[in-house]
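# Notes for the structure review
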Amino acid sequence: MLSANGAVTVLAVPLGSMLGGPATALLGARPTLLACAVAILALGLVAATAAARPGAGSARPTGPQATGPHDPPGPHDQQGRASAPERRPDRRVGAAGAG
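Cut-offs and rules
Residues numbered from 1 in each chain as written. Predicted model: local features only at pLDDT ≥ 70, side-chain atom pairs only at ≥ 80, totals over all residues. Heavy atoms only, no water. Helix = DSSP H or I, 4+ residues; strand = E, 2+ residues; numbered from the N terminus. Buried < 20%, exposed > 50% of the residue type's maximum accessible area, 1.4 Å probe, protein only. Areas by Shrake-Rupley, 256 points an atom, 1.4 Å probe, with all protein chains shown as cover. Patch = residues over 30% accessible without salt bridge, like charges linked within 9 Å, V, L, I, M, F, W, Y side chains within 5 Å. Salt bridge = Lys/Arg side-chain N within 4 Å of Asp/Glu carboxyl O. 1 Å grid on protein atoms, 1.4 Å probe; cavity = no way out; pocket = protein on both sides within 12 Å on 5 of 7 lines; lining within 4 Å. Points joined across faces, edges and corners; volume = space filled by probe spheres on them. Nonpolar A, V, L, I, M, F, W, Y, C, P; charged D, E, K, R; others polar. Contact = heavy atoms within 4.5 Å. Axes fitted to C-alpha atoms, helices over the stretch in contact; angles between N-to-C directions. Parallel < 35°, antiparallel > 145°, perpendicular 65-115°, else oblique. Left-handed = near helix turned anticlockwise from the far one by under 90°. Expected span 1.5 Å × (residues − 1). Bend = angle between axes of the 7 residues up to and from the residue.

It is worth spelling out the overall build of the protein chain at this point. When helices and strands are tallied, the protein chain shows two helices and zero strands. Counting over 99 residues, the protein chain shows a buried share of 2%. When the accessible surface of the protein chain is summed, it comes to about 9,500 Å², and 66% of that surface belongs to carbon and sulfur atoms.

Now the structure itself:
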């Protein structure tokens, strides 16, 4: 994921300069900024829609590797408190109250 982020970041500046210069010369500054804003909003909407749609990658895995927070609770996941063992008086030499 980090390499994909690096590839996008490295390509964004030259691509923006290559497209932004002629677009500004052709349309002017304000319309170019407006077109960029609309394009960014549209791209964000497409990405949000794609992320919200359940796709092939959202199926839960099965088998021994299907672990995670959505698994049914097992015997080790008991709710409530465990009882603590009773404390015995300290019988070490030199302990307070030993005598």
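As a further point, take a nonpolar patch on the surface. Together, Leu 15, Met 18 and Leu 19 give the surface a local cluster of nonpolar side chains, amounting to about 320 Å² of exposed area. Mapped onto the elements, Leu 19 comes out in helix H1 (residues 2-27). Its relative accessible area of 53% is what places Leu 19 among the exposed residues.

Turning to the layout of surface pockets, a few remarks are in order. Taken as a whole, the largest pocket encloses approximately 220 Å³ of empty space. Every residue along the wall of the largest pocket is listed here: Ala 12, Leu 15, Gly 16, Leu 19, Gly 20, Ala 23, Thr 24, Thr 32, Ala 35, Cys 36 and Ile 40. At the level of secondary structure, the elements contributing two or more residues to the lining of the largest pocket comprise H1 and helix H2 (29-52). Element by element, the count of residues in the lining of the largest pocket is highest for H1, at seven residues. A per-class count over the lining of the largest pocket returns seven nonpolar, four polar and no charged.

Its location among the elements puts Thr 32 in helix H2. In this view, Thr 32 contacts Ala 23, Thr 24 and Leu 27; residues no more than four positions away in its chain are not counted.

For the pair H1 and H2, interaxial distance at closest approach is 7 Å and the crossing angle is 130°. Comparing the axis directions of H1 and H2 gives the class oblique. Once H1 is placed against H2, the crossing between them reads as right-handed. Residue-level inspection shows Ala 23, Thr 24 and Leu 27 of H1 in contact with H2, the latter providing Ala 29, Pro 31 and Thr 32.

Our focus in this paragraph is H1. With 26 residues, H1 ought to run about 38 Å at 1.5 Å a step, and its terminal C-alpha atoms sit 36 Å apart, in line with that. At Ala 12, H1 shows its strongest bend, of approximately 30°, with the proline Pro 14 following within four residues. After H1 finishes, the residue Gly 28 shows a positive phi value of roughly 105°.

Any functional reading would require information that these geometric values do not contain.
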